Structure formats: C-alpha cells, structure tokens
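Here is how the chains run, residue by residue.
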Amino acid sequence: MASVTARMSSSRIPSVKRIPIANSMAEQLIPAAFRCPVSLDLMKDPVTLQTGITYDRRSIEAWLELGNLTCPVTNQALESEDPVPNHSIRRLIQDWCVANRSLGVERIPTPRIPVTPTQVSDLLSEISFAGRRGDNARCRELARKIKALGRESERNRRCIISGGAGRVLSTCFRELAAESLENSGAGVIDEILSALAAFLPLDEGSYLQLSSPKSLESIVSVLKSADLEGRLNAALVLKELASSSPPDRIEVVARTDGLIEALVKLIEKPISPRATNASMVTAFYLVASSERTAARFVEMGIVPLLLEMLVDSEKSMSEKALGVLDGVLSCSRGREMARAHSLAVPVLVKKTFRVSDVATEFAVSALWKLCKNDDEGERAVEALQAGAIQKLLLLLQVGCKGTTKDKVSDLLKLLNRNKRSSECIETVDLRGLKRSF
C-alpha cells in the first residue's frame, strides 16, 4: 500500500474531496475494503479495473488522465481504461454509512452513471442537425440537456469538452445568430450561450465561429439584456474570446456596436464578482489592442470608474483595474482625463509596492505615462507629495527589470527636477480626497 501511495504522490494526482466524517473514531473504523487504494479515503463511487482492483472513480480517472496505462496496485498493463461500476461494494459502503450514522458518517449518494463518449457524440450530432434545419425548440432542449449532463460531474464536463461540444455549440450559435433575434427567439440564443459558458475553455474553431459579426451582435444583445444569468454567460464567453484571440480578431470584437458600452456598464453596475472579473479581463485585452479602442473606453467614462475602484479594491481586482488603466493611458484622451482627476496620482503611488509585483508594474507604467509628457509638471509635484520617491528608490533597491526599471529611473529624474517645488510627505490618506462621484 505504501508503494501505491508513493507512486500516486509522485504523479501529482489532484486531491479528491473527502467524505465528511465528523468523528475520528469512525474514520478509524472504515473497513480496508471500503477505502480507495489511491486516496485511502472512503470510496464514493467505487469502480473496478480489469485487474479486479476497486478504486474510487475520481482517483483512478485522475491516474489514467496522467497517461498511466497500468493498475496502480498490481502494476499490470491495462488493455481497457474503462472502469466498471462496482455496485456491490457501493451498496455495502452505503449500508456501513447508515449503520454508523450516530458517529457522524454521512451516507454516500448513489452516483449517476457517467456519460460516455458515444453518448456525447450522438447528442452533439443531434444539436448540429437541429441547428442546420433551424429547429429552435429542439436546439434549446438539447443545449439544456448537455449542460445538465456537464453539471452532474467534472468527469462528464471533461468528456463533453473532449467530444467537441464547443465547436458544435458555437457553430449552432452562429447559424442561429445569422437570423434576426426576432425570428430565432432570444431564448435559444441564451440557452446555447449558457451551454458554451459551461464548457470553457473553447478551441480555435469555436473562437472563429463566435467572432463572426452576427455572433458578436447576439452576444452584445444578451450582455445588454435584463437577464442576469445571460449577462454573466455573455461576459464569460467574451472574456475567453478576447484572451485567446490574435490582435486582428480582437479588433473585430472591439468594433462590435455597443460592446464597449455594455462592458463599462457591467463594471459600473456589477451583477456578480464573476461578471465583473470577466468584464475587466475583456477590457484589458481590448484596450491593449489599439489606441482607438482605448479612446472609446475613455469616452464611456472608464477612467474615473477605475480610479474609484482602486481606492479600496482587493488584490485581484486591483491588478485588473491597474492593467486596464495603464492601457487607456496609452491614448492622449485617457491621460487628459486621469490628470484632471484628484485620485489618479495618489492612488497609483499608493498601489505601488502595496498589492503585488504585477500591480506595481502597472502602477509604475501608468504613473510614468501621466508624468512623462506633463508640460506643467503638476503630476510630478503630486507624486512627490504622495511619497513616490521613497517607493521608487525602494523598488530599485529590491530589484526590478526591463521596461519597469527604465520607467522607474525616468520617473526619478522627472521627480528630482520638481523636488524643489514640493515638500515630500511620507504617506497619503486617500479618504481625505474628494471623489469625482
């Protein structure tokens, strides 16, 4: 048994969720035959390999997914990688759980039978056929069915993804989007988009289908709708599309009418942390694609919105907000808006060295863009008052590389030229600054 555990550990098998057992005595009383040889925990879904050894399904499937073609216990080569459910052991385990309920043992539920690759293939073929003939009701029904199968277990979800669900669903989405939403019905569009969001990440073929003009228009239509779940799904799909596409395709996405406005609105009026996170990631890739796109985000009011968020946002959101802000400051209008905002310089100085290395790089770059071409030197004076020199010197001492080091050195020169105009202050209290809204 020790050798099995050692081999599994060296293969870095993902951790398996344990059966809740409140009493340590009950943990000790678990019969050896009910424990998975891999995880050594009580089996939830016992399955047997051709070698006759029974494992918990999640543990043995994780072993096989790493490319291992042998039985962990016997080390015998496996001719078939498909484990067979062991109903007898499973019923015995359930009986044992019921008998030990007084010790805090919860009865394991009867597991659902996992979907097979053949079933996935047949279901996707039906979806494809229904989409080609324009059967909206059938498409909606099948999309709901395959999404439900994926939610039953992570194994099902992986099986459906590997079966090509993304490409089939995105093709169906494009075909339905090619019609007007009035003819196709928004319901089927929402359902397919929901299924797509359930089977991320997508492949290159799926991205090509979703980046068609009609597909993007439909996604934006859902993003603007009143359906909160639909808006979340649209944001998640857009995030995948923006983060996985080449620059020319991102430009196509950015040019979609109403998309930038809808993204900014979703950031300004959050519906869920996941939706906000997805919108920020999408905005990051879009503003980095061109100055024209960055300028359009500025026109939608993204600069004051980001600065307000940065006052008290947590680490992950601070990194994203700083990344988007650094991107929009690449355009002259973005810099103009930021220079006119009382929070801009103090927030950037505060976030330097306070959040993470990534946040520091974005903050330094954004501060450099604000101070670099400021003819009157007002931003440099603000930076001095906020204590920027101390932080920049410390950053050089700790060590920074590449363009960040160049920008830090450049900033120090700019600040030194304006040092006589201002008295440095060690810290700055952002709560005392008047917000723009």
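Everything that follows concerns the structure shown earlier in this document.
Before going into details, it helps to say that this report is about the structure given with it. What you are looking at is a predicted structure, and each value in this text was computed from that prediction instead of being measured.

Some details on helix H22 (residues 357-372)
And step 1. Counted at 1.5 Å a residue, the expected span for H22 with its 16 residues is 22 Å, and the 22 Å between its end C-alpha atoms agrees.
And step 2. Of all the residues in H22, the buried ones are Ala359, Thr360, Ala363, Val364, Ser365, Ala366, Leu367, Lys369, Leu370 and Cys371.
And step 3. Along its buried surface, H22 packs onto helix H19 (315-328), helix H20 (332-339), helix H21 (344-351), helix H23 (378-385), helix H24 (388-398) and helix H25 (402-417).

Notes on the state of the cysteines
And step 1. Considering all chains together, one arrives at 0 disulfides under this definition.
And step 2. Counting only cysteine sulfurs, Cys172 is the nearest neighbor of Cys139, a cysteine outside any disulfide, at a range of 3.5 Å.

Quick word on the environment of Ser243
And step 1. Locating Ser243 in the fold gives a position in helix H13 (residues 228-243).
And step 2. With a relative accessible area of 31%, Ser243 lands in the partly exposed category.
And step 3. When the C-alpha positions of Ser243 and Thr282 are compared, they lie 7.0 Å apart, and in sequence the two are 39 residues distant.
And step 4. At 2.8 Å, the side chain of Ser243 forms a polar contact with the backbone oxygen of Lys239.

Description of the nonpolar core
Inside soluble globular proteins, nonpolar side chains tend to come together where they are buried.
And step 1. Counting residues in each nonpolar core, the largest one holds 105 residues, and the members touching the most others are Ile192, Leu196, Phe297, Ile302, Leu325 and Val328.
And step 2. With 8 residues, helix H18 (residues 302-312) is the largest single contributor of residues to this core.
And step 3. Ignoring anything within four residues of it in the chain, the contact list for Ile192 reads Ala143, Leu169, Cys172, Phe173 and Leu176.

A few points about a nonpolar patch on the surface
And step 1. Together, Phe353, Leu394 and Val398 make up an exposed nonpolar region whose accessible area comes to about 260 Å².
And step 2. Looking at the element boundaries, Val398 is found in helix H24.

Remarks on helix H16 (residues 273-287)
And step 1. The terminal C-alpha atoms of H16 lie 21 Å apart, and with 15 residues this matches the ideal 21 Å at 1.5 Å per residue to within 8%.
And step 2. For H16, the full list of buried residues reads Ala275, Thr276, Ala278, Ser279, Met280, Val281, Thr282, Ala283, Leu286 and Val287.
And step 3. Buried residues along H16 sit against H13, helix H14 (247-254), helix H15 (259-268), helix H17 (291-299), H18 and H19.

With respect to the environment of Ser365
And step 1. Within the element layout of this structure, Ser365 appears in helix H22.
And step 2. Looking at Ser365, the relative accessible area reads 5%, which means it is buried.
And step 3. Along the sequence, Ser365 and Gly327 sit 38 residues apart, while their C-alpha atoms lie 9.5 Å from each other.

Considerations on the layout of surface pockets
And step 1. If you add up the space inside the second largest pocket, you get close to 430 Å³.
And step 2. Put simply, the parts of the chain that give the lining of the second largest pocket at least two residues each are helix H3 (57-65) and helix H7 (154-162).
And step 3. Considered class by class, the residues forming the lining of the second largest pocket number 8 nonpolar, 2 polar and 7 charged.

Focus: the packing of H24 against H25
Geometry of a packed helix pair, given as the angle between the helix axes and the separation of the axes.
And step 1. Where H24 meets H25, the axes come as close as 10 Å, and the angle between the chain directions of the two elements is 145 degrees. Handedness of the H24/H25 crossing: left-handed. Side by side, H24 and H25 meet where Ala388, Ile389, Leu392, Leu393, Leu395 and Leu396 of the first sit next to Lys405, Val408, Ser409, Leu411, Leu412, Leu415 and Asn416 of the second.
And step 2. Across the contact of H24 with H25, the residue classes tally to 10 nonpolar, 2 polar and 1 charged.

A closer look at the pattern of salt bridges
And step 1. All chains considered together, the criterion is met by 20 salt bridges.
And step 2. The partner of Arg57 in a salt bridge is Glu61, with the nearest N and O atoms 3.4 Å apart. Placement of the pair is Arg57 and Glu61 together in helix H3, with a separation of 4 residues, close to one helical turn.
And step 3. Here Glu61 falls in the buried class, since its relative accessible area comes to 9%.
And step 4. Notably, a salt bridge pairs Glu251 with Arg255, separated by 3.7 Å at the nearest N-O pair.
And step 5. By relative accessible area, which is 52% here, Arg255 ends up exposed.
And step 6. A network of salt bridges, in which partner residues are shared, links Asp45, Arg57, Glu61 and Arg155.

Reading the values: rules and limits
Residues numbered from 1 in each chain as written. Predicted model: local features only at pLDDT ≥ 70, side-chain atom pairs only at ≥ 80, totals over all residues. Heavy atoms only, no water. Helix = DSSP H or I, 4+ residues; strand = E, 2+ residues; numbered from the N terminus. Expected span 1.5 Å × (residues − 1). Buried < 20%, exposed > 50% of the residue type's maximum accessible area, 1.4 Å probe, protein only. Contact = heavy atoms within 4.5 Å. Disulfide = S-S within 2.5 Å. Polar contact = N/O pair within 3.5 Å; in protein donor to acceptor, adjacent residues only side chain to side chain. Core = buried A, V, L, I, M, F, W, Y, C linked by side-chain atoms within 4.5 Å. Patch = residues over 30% accessible without salt bridge, like charges linked within 9 Å, V, L, I, M, F, W, Y side chains within 5 Å. Areas by Shrake-Rupley, 256 points an atom, 1.4 Å probe, with all protein chains shown as cover. Salt bridge = Lys/Arg side-chain N within 4 Å of Asp/Glu carboxyl O. 1 Å grid on protein atoms, 1.4 Å probe; cavity = no way out; pocket = protein on both sides within 12 Å on 5 of 7 lines; lining within 4 Å. Points joined across faces, edges and corners; volume = space filled by probe spheres on them. Nonpolar A, V, L, I, M, F, W, Y, C, P; charged D, E, K, R; others polar. Axes fitted to C-alpha atoms, helices over the stretch in contact; angles between N-to-C directions. Left-handed = near helix turned anticlockwise from the far one by under 90°.

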